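Tertiary structure, described
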Amino acid sequence: MKMLLKNLSPLLRYSQGLKLTSRNLSVSCVRNDIVKIQSTEDFKDKVINSKVPVVVDFFATWCNPCRLLTPRLEAIISENKGKVVLAKVDIDEQTDLALDYEVNSVPVLVAIKNGKVQQRLVGLQDADKLRKWIDQFASEESEVKVKA
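Just so we're clear, the structure is a prediction, and the values are computed from it rather than from any experiment. (Residues numbered from 1 in each chain as written. Predicted model: local features only at pLDDT ≥ 70, side-chain atom pairs only at ≥ 80, totals over all residues. Heavy atoms only, no water.)

1. Considering the packing of aromatic side chains
Within this structure, the stated rule accounts for two aromatic pairs. Aromatic pair Phe58 and Tyr101: ring centres 5.9 Å apart, planes at 35 degrees, arrangement tilted. One end of the pair, Phe58, is in strand 2 (residues 54-59); the other, Tyr101, is in the loop between helix 4 (95-100) and strand 4 (108-113), and 43 residues separate them in sequence. You can call Tyr101 buried: its relative accessible area is 16%. Taken together, the ring pairs connect Phe43, Phe58 and Tyr101 into an aromatic cluster. The cationic tip of Lys88 hangs over the ring face of Phe59; the distance from NZ or CZ to the ring centre is 4.6 Å. (Phe/Tyr/Trp six-rings, centres within 6.5 Å; stacked < 30°, edge-to-face > 60°. Helix = DSSP H or I, 4+ residues; strand = E, 2+ residues; numbered from the N terminus. Buried < 20%, exposed > 50% of the residue type's maximum accessible area, 1.4 Å probe, protein only. Lys NZ or Arg CZ within 6 Å of the ring centre and 35° of its normal.)

So this is what it looks like as structure tokens:
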């Protein structure tokens, strides 16, 4: 054991003189299926004029059920691979939109297709119910494409 320590001691002295630096890297990917609405005009561009169905998530940063709903909702939207877009609307930043869509409590999910409200879900939902609701909404879009 002494022999091992004796052989390591020059290495330990050398390493103590080195300054180790680390970098924090942030890696993010562009997600076209989830957007944050910044204004009423942004809402018109990304939701009302969307070619694909949109689920609008009216939420508040202070809302605990909203925080629980977000990862469930984002995971299910990602599973649909572009068939449905998620538009997130902070009701404290976009009060006019919240009033226009009669958001009285949060979270509220509004399904919009071709600029028109199709369905609403109010409150915290479990993943299975969300998946079924979104799949049904997305499949209605595919039926329209087949008929056209």
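2. Description of the state of the cysteines
Within this structure, the stated rule accounts for one disulfide. One disulfide bridge connects Cys63 with Cys66, the sulfur atoms lying 2.5 Å from each other. Residues Cys63 and Cys66 share a disulfide whose torsion about the S-S bond is about 80 degrees; that sign makes it right-handed. On the basis of relative accessible area, Cys66 is assigned to the buried category, the value being 3%. (Disulfide = S-S within 2.5 Å.)

3. Focus: the sheet that holds strand 3 (residues 85-90)
The pairing of strands in a sheet happens through backbone hydrogen bonds and is either parallel or antiparallel. Across the sheet, which stays open at both edges, the five strands sit in the order 1-3-2-4-5 with mixed pairing between neighbours. Of all the strands in the sheet, the pair left with one neighbour each is strand 1 (34-36) and strand 5 (116-122). Looking at each pair of strands side by side, their axes are set apart by 25 degrees on average, direction ignored. Here six bridges tie strand 4 to strand 5, and the two strands are oriented antiparallel to one another. Bridge assignment links Ile112 to a residue of strand 5, and that residue is Val117. Across the sheet, helix 2 (residues 40-48) is in contact with strand 1, strand 2, strand 3 and strand 4; its angle to strand 2 comes to roughly 145 degrees. (Pairing = 2+ DSSP bridges. Axes fitted to C-alpha atoms, helices over the stretch in contact; angles between N-to-C directions. Contact = heavy atoms within 4.5 Å.)

4. Some remarks on the confidence of the model for the protein
Confidence in the prediction of the protein, expressed as mean pLDDT, is 82, and 72% of residues score 70 or more. Confidence over residues 24-30 falls short of pLDDT 50; this stretch has zero contacts with residues more than four positions distant or in other chains. The model gives residues 141-148 a pLDDT under 50, and that stretch makes three contacts with residues more than four places away or in other chains. (pLDDT = per-residue confidence, 0-100.)

5. Brief notes about the pairing of strand 2
Taken residue by residue, a regular strand's side chains alternate between the two faces of the sheet. Counted residue by residue, strand 2 has six buried out of six residues, so it is predominantly covered. Burial along strand 2 is two-sided: the residues Val54, Val56 and Phe58 and Val55, Asp57 and Phe59 are all buried. Pairing analysis gives six bridges linking strand 2 to strand 3, with the strands arranged parallel. Note that in strand 3 the partner of Val56 across the bridge is Ala87. The β-α-β motif built from strand 2, the intervening helix 3 (residues 64-79) and the parallel element strand 3 has right-handed crossover chirality. Here strand 2 pairs with strand 4 via five bridges, running antiparallel. Paired with Val56 across the bridge in strand 4 is Val110. (Right-handed = clockwise from strand over helix to strand, strands pointing away.)

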